[in-house]
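Okay, here's what each chain looks like letter by letter:
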Amino acid sequence: PVDRFPEIQEARLKLPVLAEEQVIMEAVRENPFVVICGETGSGKTTQVPQFLYEAGYASDGGIIGITEPRRVAAVSMSHRVAKEMNLSTRVVSYQIRYEGNVTSDTKIQFMTDGVLLKEIQKDFLLKRYSAIIIDEAHERSVYTDILIGLLSRIVPLRNKKGMPMKLLVMSATLCVEDFTDNIKLFRVPPPVIKVDARQYPVTIHFNKRTPLEDYTGEVFHKTCKIHRMLPPGGILVFLTGQAEVHSLCRRLRKAFPFRKGSTTTDSSESMRRFKKAKQKKAVSLPRIDLDNYSALPVDEGDEDREAGIGDEEDEGSDLENEDDPTITEKADPSIPLFVLPLYSLLAPEKQAKVFRPPPPGTRLCVVATNVAETSLTIPGIKYVVDCGRVKKRFYDRVTGVSSFKISWISQASANQRAGRAGRTEPGHCYRLYSSAVFGDFSLFSEAEITRRPVEDLVLQMKDLNIDKVVNFPFPTSPSAEALIAAEQLLVSLGALKEVKEMEQARLSCPITPLGSAMASFPVTPRYAKMLALGKQQDCLPYVIAVVAAMTVRELFENLDRPAGSEDESSKLTQRRARLTQMRRLWAGQGTSLLLGDLMVMLGAVGACEFASCSPKFCEDIGLRYKAMLEIRRLRRQLTNAVNAVSPEVDAFVNPKMTPPTEHQVVCLRQIVLAGLGDHLARRVQAEDLLDPKWKNGYKTPLMDEPVFIHPTSALFKTLPEFVVYQEIVETTKMYMKGVSAVEQE
Ligand code: ADP
Ligand code: MG
């Protein structure tokens, strides 16, 4: 029995999913697979695990597992459910890639989908679990898709062996045909339970015109207008990336300053003000197309993936106009706005702020990327401002070059965003694009698996003895080219055994012992290869540190951001100078310099550990604290993983890592080359220099265009003849990231 606090119980009863408890539990009893569809905020994530718990699914020793595509959700939902059930986090716990609070008492375990996939490798039958819930299946994250494919086989196997297990797939949309009408996946289509939305109507307001250039300016104006003229109720703004979010937050804070203690503590006072403001200016809403919100399916958000996809380069600035008096609103402290940013790289305690009510007398305004689209329900939102765009990572099919591009969202996404306004009362959604443009949006966006390289998935599957990956029951299959490219890369890394060409065409190269070892490391195959080679020359601690640093995104803070004030600007300049100086120091000289950006990473990790990874140290020298913590945990995890594969090396994490010797640097470069061997670039030769676009450029085998070393790179001045790079990201130019020099024999 669960002993909930009365106020929690009361809040639960308001959630639509509660009304379906009986229906859901009956379906679960009678079917191995059940699909639940319900609008975001209807209570799926927080309540369904509790239903299973109360029905006894965690009482015979088995536990209830819930997967989330986003770490933010796994952590915050586990805390919420523990609180609702009045149970300790020893019982309701979470596990994400590098961190968790799971104990032997855990009964409900939230985790990222990548974590469960790893667990399947250790125990294919997932014997610890009595039920698995795959949450946010509509996002179509790669791991979610694979998990559903695997569980479609695991659940019947468990039932056959007399160890019954249940699979629940939960989606915020009704678009579940890829799962339900897919004979390869489920021979008998699983029952689909629709949770009544109980969504208040949301009035959609389209722009007459669609700003193509300065949409962030338009977002700013619209938000100001809403705040000045419309009755109380939270505002949720959707933008595409961290830089945009920060810049809008700054502009809004400037326009409607809020200082602690400066506001009246009476919210009726703020209501009175709004009424007064209303009388002064006759409220005229923009011309609108009135149509009520209806629950339409959604698609993925692409921001906070285990694989590390996201908001990287803060290219350019949308702030150019900030000081233009025609754009900047006159500061009006009489109606303070409580502005909060929300994006996936934001520190967790700052993320948690959005769940708390704003200070009395202020209006809440959350400026978010698409993390707010379905993963987190922010309470009290009445107005949504939707820029209609999303930042996504695109991969070039041939070259593998990735770039972050801002593109239109899908209709499903737009409707999902609009829906955020109608959780607590009728709301309004302002779409800053015309209805004609909306009509041109695609209905849904594609499953992630069709848009990215799949070598990591192929290796995981081979390790699960799925030799013919083409036959795997994917909800949506990756393209044949992608599968072939993955298989070829894995062969070249030695993870798969080369077979005759004809066999290879059938994609059935078997895994090698090296491949199995690689598959057990929680990093993608190139980095796994480096770890597998790390035993030589006492290099392992360095290899582990470098791999950890390379796979964690964005070690350095973005100090190129525009400053809000002169004071901030001079501080930023100072910090930039210090970071540049530190980078130079970490890069070292001579041999070590040739390890390039990786040497800098190693130096940063070492320095940070030396300072016990304190937030202040990170802040002072421009390292991103969250990234450094993650590296620290990942080092520990990778060390354990290496020890599990080869106990004889007895690796340990030495926090006070001394810099590598010259000999070790040479060895490190060879190891890095072994993982990134196909990412080789050669400085252009004199004969190519006729065309100025090739100046300081590098040639790669796959591309016709030059690629470059970034000005912040340790090798920017050296320009070695041969380099390997971690990846190429297209921003203003094609830049190589994580560059190190290759020795010429
Ligand atoms: P769904 O999974 O269907 O989108 P959830 O179970 O996530 O719905 O949310 C149900 C309700 O619980 C929402 O109204 C949400 O605002 C509330 N909620 C979730 N997490 C928290 C939290 N940390 N603090 C307060 N309320 C929360
Ligand atoms: Mg949910």
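Numbering of residues begins from 1 in every chain and follows the order in which that chain's sequence is written. Numbering of ligands from 1 and lettering of chains from A proceed in the order in which they are written. Thresholds applied to this predicted model are a pLDDT of at least 70 for local features of residues and 80 or more for the giving and counting of side-chain atom pairs; totals over whole chains, interfaces and linings are not thresholded and use all residues.

As recorded by an unreviewed UniProt entry, the chain carries the name RNA helicase and is attributed to Mola mola. In UniProt, the chain has this text filed under Sequence similarities (unreviewed entry): "Belongs to the DEAD box helicase family. DEAH subfamily." Word for word, the UniProt comment on the chain under Catalytic activity (unreviewed entry) is "ATP + H2O = ADP + phosphate + H(+)". UniProt positions are given in the numbering used here, feature names are shortened, and annotations may be inferred rather than shown by experiment.

A. Region of the structure containing the overall build of the chain. Only DSSP runs of H or I with at least four residues qualify as helices, and only runs of E with at least two residues qualify as strands; both kinds are numbered from the N terminus onward. For the chain, the helix and strand inventory stands at 26 helices and 23 strands. When burial is assessed residue by residue, the chain has 49% of its 745 residues classed as buried. A sequence separation of at least 24 residues applies to 75% of the contacts in the chain between residues at least 6 apart. Here exposure depends only on C-beta density: within 10 Å of a residue's C-beta, 20 or more other C-beta atoms make it buried, 12 or fewer make it exposed, and intermediate numbers make it partly exposed, the C-beta atoms being placed from the backbone. Note that contacts rest on C-beta atoms placed from the backbone: two residues are in contact if these are within 7 Å.

B. Looking closely at the confidence of the model for the chain. pLDDT measures the predictor's confidence residue by residue and takes values from 0 up to 100. Averaged over every residue, the pLDDT of the chain is 84; residues scoring 70 or more account for 87%. Highest mean pLDDT in the chain belongs to strand 6 (residues 129-134) (98); lowest belongs to helix 10 (residues 267-280) (51). Confidence drops under pLDDT 50 across residues 263-267; counting only partners more than four residues distant or on other chains, this segment forms 14 contacts. We note a pTM of 0.74 for the whole complex and an ipTM of 0.98 for its interfaces.

C. Main features of the pairing of strand 10 (residues 234-238). When you tally the buried positions in strand 10, you get 5 out of 5 residues, the bulk of the element. On strand 10, burial covers both faces: Gly234, Leu236 and Phe238 on one face and Ile235 and Val237 on the other are all buried. Of the pairings in the sheet, the one linking strand 10 to strand 13 (residues 381-386) comprises 5 bridges and is parallel in character. Paired with Val237 across the bridge in strand 13 is Val385. Where strand 10 lies against strand 12 (residues 363-368), 4 bridges are found, and the strand directions are parallel. Strands pair, by our definition, only if DSSP identifies at least two bridges between them.

D. Spotlight on the packing of helix 20 (residues 540-551) against helix 26 (residues 662-676). Between helix 20 and helix 26, the shortest axis-to-axis distance is 10 Å and the interhelical angle comes to 50 degrees. Classified by the angle their axes make, helix 20 and helix 26 are oblique. Here helix 20 and helix 26 pass one another in a crossing that is right-handed. Seen from helix 20, the contacting residues are Tyr542, Val543 and Val546; seen from helix 26, they are Gln664, Leu668 and Ile671. Whenever a helix is involved, its axis is fitted only over the stretch in contact; in every case the axis is a line through C-alpha atoms, and angles between N-to-C directions fall within 0 to 180 degrees. Throughout, the term roughly parallel applies to angles under 35 degrees, roughly antiparallel to angles over 145, roughly perpendicular to angles from 65 to 115, and oblique to all others. Handedness of a helix crossing follows the sense of rotation of the near helix relative to the far helix, less than a right angle counterclockwise being left-handed and clockwise being right-handed.

E. Structural detail: the pairing of strand 16 (residues 427-431). Burial analysis of strand 16 places 5 of its 5 residues in the buried class, the great majority of the element. Burial of strand 16 is two-sided: the residues Gly427, Cys429 and Arg431 facing one way and the residues His428 and Tyr430 facing the other way are all buried. In the sheet, strand 9 (residues 202-206) pairs with strand 16 via 5 bridges, with the strands oriented parallel. Note on strand 16: the bridge partner recorded for Phe206 is Arg431. The sheet contact formed by strand 13 and strand 16 spans 4 bridges and is parallel. Following the sheet pairing, Tyr383 is matched in strand 16 by His428.

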